[in-house]
Amino acid sequence: MIQVENLTKRYARTVAVDRISFAVAKGEIVGFLGRNGAGKTTTMRMLTCFLPPTEGVANVAGFDVVENPMEVKKRIGYLPESPPLYPEMEVGEYLTFVGKIKGIPSNELARRVDEAAGRCALGDVKKKLISKLSKGYRQRVGLAQAVIHNPDVLILDEPTSGLDPQQISETRELIASLAGDHTILLSTHILAEVEHTCSNVIIIDRGHLVASGTVRELLQRMRGSEAIAVEIRYDGLEAADARQRIEQVPGVSRAVVKQSEPGRVLLEVESLEGANVRADLARAVVHAGWNLETLHAAAASLEDVFLELTAAEKSHPAASIEPPITTAAATPEVIQ
Amino acid sequence: MRNILAICGKEMRGYFTSPIAYLLLAIFAVLFGYFFFAASSIFATASMESAMSGRSFPMNINQQIIAPLLGNSSVVMLFLIPMISMRLFAEEKRQGTMELLLTSPVRDWEIVAGKFLGAMLMFAAILLVSLIDIAFLFAYGNPSWQPIAAGYLGLLLQGGCLLAIGTYISTTTKNQIVAGGATFAVCLLLWVLSWSTDLGQGAVSKVVAYCSVLTHFEPFSKGIIDTKDVIFYLTFIFFGLFLTTRSLESLRWRA
């Protein structure tokens, strides 16, 4: 749905986006991750024909953004960082206006407005002035605006920024519910968001693409394989004993004591690639006569991946990045 | 065409859901009412004197009331038009709704045309208020309507020129006050250019005076529709809107 090759945006003094390439397949929800000022918004603006690229090619929904912007615009829904709302309009009026300029035929307009309002749970505020709405509702109006013409591609720039936790989870659910029919590219600097909502991730830093792939792939690549957290309770238990015992379990490569207090030890266990050691771990703990309190996968957070990648970028600018990870869609490049 | 109408409608709503439209209508109603009262009292006194003295002067409502009234209106417009045009693009840029317009399947010139049309309708609504006063002339006198129509056509064309300039200036800034102030300065300049004929009769001062939007209005106020004035105004409007469209395009490259 989206193919980007060597996309570059240069300003007089800075390079905002430097030769990034990636691809997004139909139906995917892709998280576009980067720190503030990494070039996320600029990239999205280029994909939505708001800004022309300096170099490179971007193809959205089958049309080139430079050659055929009108066709691209018909097929995208875009929610900029601050929702583009007219405060003096009522929600229904606003959606009707957007519907008109998005080219929805007059006889379908009313139905589509209702549909978009329904999808974004705006039914009860249709008659309210946008200036009177709370931030969360405004964000929903912004989303309704983006989906009203049923676009193939949805581009959402930080859709949850500035919302309270309740609104954030509502917005995430809303985005997830839109996923079926649309290909979604959403930018964020909140990592948890990507882990929650997205199937794939693209990470950029200072205009460069540092990694892309599915969330799982990225996390696994970080750890070699999954890590397991083991919590043991036993009166008089020594942390060193526990560690030693656990490291003897076949398949375990390393155990690290994360927390230790009298009678309780929390270990993080790394296993060799391909080995499933959970059952053996449990058995080992129980055999030793200790109480196994918890045992679960201590998934590396995306945060770790992100920090590692962007830090590596900084310290070894030349050859820090590993070979690219392939997504299901295409072969996105990791560019240095 | 549908896009143009949609944007035009949005602009009209924008004016009439904010105090600006009512403020402009009120200002113009008061000023025009005052001018109307002054012109018609002078006319009434003069016609009374002419009747009492026994020698009847030729009295003409069109020449003695309407022509100066329209002349005054054209000057008042210089002050009102910046207030109509300043928000057109500056507000969209400030609100961030420019991103909505520029990423929707609408062509740049359609946005410009829609907004200009909306501003023109707002301007026409202001002029409409003055017709209430004019109606009294028809009730108590018998002016001929053709010169009045010509005068209003002139006002619309002149207003169109100034609005086109204002629309252009509005694309260059996010700040409505800056857009309004700059537009006002340009309107004022275009007015005072007409004074340059007083400085001398040389070719240069004639050319300068010709560029003033007000010199072209005079014939209209007398009821004369001259093609060269119409063409001057239309060219001016098209040029202004052309610049606006180019300026809008350049936003993408400069943003």
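Residues numbered from 1 in each chain as written. Chains lettered and ligands numbered in written order. Predicted model: local features only at pLDDT ≥ 70, side-chain atom pairs only at ≥ 80, totals over all residues. Heavy atoms only, no water.

Asker: Help me out: how do you make sense of the pairing of strand S3 (residues 29-33) of chain A in this one?
Answerer: Residues in a regular strand project their side chains so that they alternate between the two faces of the sheet. Residue and element names in this part refer to chain A. Burial of S3 is extensive: 5 of the 5 residues sit out of reach of the surface. Burial along S3 is two-sided: Ile 29, Gly 31 and Leu 33 facing one way and Val 30 and Phe 32 facing the other are all buried. Two elements, S3 and strand S8 (residues 183-188), share 5 bridges in a ladder whose sense is parallel. Opposite Gly 31, over in S8, you have Leu 186 as the bridge partner. Bridging between S3 and strand S9 (residues 200-205) involves 4 bridges; their strand directions are parallel. Looking at the pairing, Val 30 lines up with Asn 200 of S9. (Buried < 20%, exposed > 50% of the residue type's maximum accessible area, 1.4 Å probe, protein only. Helix = DSSP H or I, 4+ residues; strand = E, 2+ residues; numbered from the N terminus. Pairing = 2+ DSSP bridges.)

Asker: Explain the pattern of salt bridges here, please?
Answerer: On inspection of all chains with the given rule, the structure shows 29 salt bridges over all chains. Residues Glu93(A) and Arg13(B) are paired through a salt bridge, measuring 2.9 Å at the closest nitrogen-oxygen approach. Here the residue Glu93(A) occupies a position in helix H3 (residues 91-101), and Arg13(B) occupies one in helix H1 (residues 2-16), the pair thus bridging two chains. Judged by relative accessible area, which is 28%, Arg13(B) ranks as partly exposed. Residues joined by salt bridges that share partners form a network here, namely Lys10(B), Glu11(B), Arg87(B), Glu91(B), Glu92(B) and Lys115(B). (Salt bridge = Lys/Arg side-chain N within 4 Å of Asp/Glu carboxyl O.)

Asker: Help me understand H1(B), please; the structure alone is not making it clear to me.
Answerer: Owing to its 3.6 residues per turn, the α-helix brings residues three or four apart onto one side. Helix length check: H1(B) (15 residues) gives 21 Å between terminal C-alpha atoms against 21 Å at 1.5 Å per residue, within 8%. Those residues of H1(B) not exposed but buried are Asn3(B), Ile4(B), Ala6(B), Ile7(B), Cys8(B), Lys10(B), Glu11(B), Met12(B), Gly14(B) and Tyr15(B). Residues of H1(B) that are buried sit in contact with H3 of chain A together with helix H2 (19-52), helix H3 (61-85), helix H4 (87-95) and helix H6 (108-140) of chain B. (Expected span 1.5 Å × (residues − 1). Contact = heavy atoms within 4.5 Å.)

Asker: How should I be thinking about the confidence of the model for chain B in this particular structure?
Answerer: Segments scoring low in pLDDT should not have their predicted coordinates read at a detailed level. When the pLDDT values of chain B are averaged, the result is 88; 98% of them are 70 or greater. Per the prediction output, this complex has pTM 0.80; the corresponding ipTM is 0.87. (pLDDT = per-residue confidence, 0-100.)

Asker: Help me out: how do you make sense of the confidence of the model for chain A in this one?
Answerer: Residue and element names in this part refer to chain A. Taken residue by residue, chain A gives an average pLDDT of 81. The fraction at 70 or more is 86%. Of all helices and strands in chain A, the one with the weakest mean pLDDT is helix H11 (residues 302-315) (63), whereas H3 scores best (93). Taken as a whole, residues 315-336 scores under 50 in pLDDT and shows 42 contacts with residues more than four places along the chain or in a different chain.

Asker: I'm lost on the pairing of strand S13 (residues 264-271) of chain A in this one. Help?
Answerer: Residues and elements named next belong to chain A. For S13, the buried fraction is high: 8 of the 8 residues fall into the buried class. Residues Arg 264, Leu 266, Glu 268 and Glu 270 of S13 are buried on one face, and the alternating residues Val 265, Leu 267, Val 269 and Ser 271, pointing to the opposite face, are buried as well. As defined by bridge partners, strand S11 (residues 227-233) adjoins S13 across 7 bridges and the pair is classed as antiparallel. Note on S13: the bridge partner recorded for Ala 227 is Glu 270. Looking at chain direction, strand S12 (residues 252-261) and S13 are connected through 8 bridges and run antiparallel.

Asker: Looking at this model, I keep getting lost on empty space enclosed by the protein. Mind explaining?
Answerer: Any space left empty among the atoms is revealed by the rolling of a water-sized probe across them. Applying the stated criterion to the full structure yields 3 cavities of 30 Å³ or more. Considered as a void within the structure, the largest cavity measures approximately 60 Å³ in volume. In terms of lining, the largest cavity is formed by Tyr86(A), Glu88(A), Lys10(B), Glu11(B), Arg87(B), Leu88(B), Glu91(B), Glu92(B), Gln95(B) and Lys115(B). Elements with a minimum of two residues in the lining of the largest cavity: H1 and H4 of chain B. Looking at which element gives the most residues to the lining of the largest cavity, the answer is H4(B), with 5 residues. Classifying every residue of the lining of the largest cavity by side-chain character gives 2 nonpolar, 1 polar and 7 charged. (1 Å grid on protein atoms, 1.4 Å probe; cavity = no way out; pocket = protein on both sides within 12 Å on 5 of 7 lines; lining within 4 Å. Points joined across faces, edges and corners; volume = space filled by probe spheres on them. Nonpolar A, V, L, I, M, F, W, Y, C, P; charged D, E, K, R; others polar.)

Asker: Is there a simple way to explain the packing of aromatic side chains in this structure?
Answerer: Any aromatic ring pair is given by two values, namely how distant the centres are and how the planes are angled relative to each other. Residue and element names in this part refer to chain B. Tallied over the entire structure, the rule returns 11 aromatic pairs over all chains. On the numbers, 6.0 Å between centres and 35° between planes, the contact of Phe 220 with Tyr 233 is tilted. Of this pair, Phe 220 sits in helix H10 (residues 218-221) while Tyr 233 sits in helix H11 (residues 227-254), and the two are 13 residues apart along the sequence. Comparing Phe 220 with Tyr 233, the two get one shared label, buried. An aromatic cluster is present here, built from Tyr 210, Phe 220, Phe 232, Tyr 233 and Phe 236 joined pairwise through their rings. Over the aromatic face of Tyr 15 sits the side chain of Arg 87, whose NZ or CZ is 4.7 Å from the ring centroid. Sitting above the plane of the Phe 89 ring, Lys 115 keeps its charged end 5.1 Å from the centroid. (Phe/Tyr/Trp six-rings, centres within 6.5 Å; stacked < 30°, edge-to-face > 60°. Lys NZ or Arg CZ within 6 Å of the ring centre and 35° of its normal.)

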